[in-house]
Amino acid sequence: MPATPTPLPAGESLSTPPRVLVVDDEENIAYLVGTGLRMAGCTVEIASTGREALALADSYRPDAIVLDIMLPDDDGYVVLTKLRGRGCDAPVLFLTARSDTAERVRGLTSGGDDYIVKPFVLEEVVARVQVALRRRGAITELPAQWRVADLVLDDEAHRVWRGDEEIHLTVTEFTLLRCLITNVGRVVTRARILDHVWQYNFDGESAVIETFISSLRKKIDRGGPKLIHTVRGVGYCIRDV
């Protein structure tokens, strides 16, 4: 039998994960970036306004900030100035639809550490955040294991255990489980599952999710307490209750 991974606190990764604050008033973009960062081993808080970002920066003390420039109250440049005035020295990566050279120069000369233009490739955003975190010394290597109750997912080894038993999943099942476990305790909507597991929207085809959820439950929940839950009319979540 292969060795099982070291036990982890419920819903946590192997070590204290880096904290990232995502500031964007477009809910879908904030969720997409937040999910990508969680899957990479970060903890994430989301703000939709400059005021919320400042309050969260004080309480959450992020290791890095992904900041939209066009916010409904202050713009990102003003928010950055206020953050620095409050003593926040976390690297700031601007994420914006403003693509002209003058804006890029302004973003990088106003104290920003990086400038990413929408539309973007999620993997690139995650990689740039990782670079910023490494420069800050917040990480040496992002954690790759997640646990809920006796369920453990090892992202790097692409393996899953329930207790002492290794569970063999297809690629899609593994990606679906990772989507749920990196959002432990939160409800993940069907639309978002389609976006992040299948990479595009199956309009009206949510039955495909039910099929894979059913398959995943048969493998994950067959020998222990139920961990995968349906929230009727909304989506699914994984939790230890």
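Thresholds, definitions, all that
- Residues numbered from 1 in each chain as written.
- Predicted model: local features only at pLDDT ≥ 70, side-chain atom pairs only at ≥ 80, totals over all residues.
- Heavy atoms only, no water.
- Pairing = 2+ DSSP bridges.
- Helix = DSSP H or I, 4+ residues; strand = E, 2+ residues; numbered from the N terminus.
- Axes fitted to C-alpha atoms, helices over the stretch in contact; angles between N-to-C directions.
- Contact = heavy atoms within 4.5 Å.
- Core = buried A, V, L, I, M, F, W, Y, C linked by side-chain atoms within 4.5 Å.
- Buried < 20%, exposed > 50% of the residue type's maximum accessible area, 1.4 Å probe, protein only.
- Expected span 1.5 Å × (residues − 1).
- Arc of directions from axis to C-beta.
- Salt bridge = Lys/Arg side-chain N within 4 Å of Asp/Glu carboxyl O.
- Parallel < 35°, antiparallel > 145°, perpendicular 65-115°, else oblique.
- Nonpolar A, V, L, I, M, F, W, Y, C, P; charged D, E, K, R; others polar.

Okay, the sheet that holds strand β1 (residues 19–23) next. A sheet is described by the order of its strands in space; here 5 strands give the open sequence β2-β1-β3-β4-β5, paired in parallel fashion. Each edge of the open sheet carries a strand with a single partner, namely β2 (43–47) and β5 (114–117). Ignoring strand direction, the axes of neighbouring strands in this sheet form an average angle of 20°. Here 5 bridges tie β1 to β2, and the two strands are oriented parallel to one another. Each residue of the ladder has a partner; that of Leu21, found in β2, is Glu45. Contacts from helix α2 (residues 50–60) reach β1 and β2, with the element oriented near 150° to β2.

Our next topic: the nonpolar core. One finds Leu151, Val160, Leu177, Leu180, Ile193, Leu216 and Ile220 to be the most contacted residues of the largest nonpolar core, which totals 29 residues. Elements with a contribution of two residues or more to this core: α1 (27–39), β6 (145–148), β7 (151–154), α6 (171–181), α7 (190–197), α8 (207–220) and β12 (235–238). Ile193 has contacts with Leu176, Val188, Trp198, Ile209 and Tyr236, leaving out every residue within four places of it along the chain. With 21 residues, the next largest nonpolar core counts Leu54, Ala57, Val92 and Val117 among its residues.

On to α8, then. In this model, α8 (14 residues) spans 20 Å end to end at C-alpha, consistent with the 20 Å of a helix rising 1.5 Å per residue. Along α8, the residues classified as buried are Ile209, Ile213, Leu216 and Ile220. With its buried residues spanning 65° around the axis, α8 presents them on a single face. Counted as exposed and oriented over 90 degrees from the buried face of α8: Thr211 and Lys218.

For the rest of this paragraph, the subject is the pattern of salt bridges. According to the stated counting rule, one finds 17 salt bridges in the structure shown. With a shortest N-O distance of 2.5 Å, Arg128 and Glu124 are connected by a salt bridge. Of this pair, Arg128 and Glu124 both sit in helix α5 (residues 122–136), separated by 4 residues, roughly a single helical turn. In this structure, Glu165 and Arg222 form a salt bridge, with 2.4 Å as the shortest nitrogen-oxygen distance. Highlighted residues: Glu165 in strand β9 (residues 165–167) and Arg222 in the loop between α8 and β11 (228–231), separated in sequence by 57 residues. Here the salt bridges do not stand alone but share partners, grouping Asp24, Glu26, Asp68 and Lys118 into one network.

All right, on to the packing of α7 against α8 then. Where α7 meets α8, the axes come as close as 10 Å, and the angle between the chain directions of the two elements is 80°. Judged on the interaxial angle alone, α8 and α7 are roughly perpendicular. Note on element contacts: α8 touches α7 through Val208, Ile209 and Glu210, opposite Arg190, Ile193 and Leu194. Looking at the contact of α7 with α8 residue by residue, the class counts come to 4 nonpolar, no polar and 2 charged.

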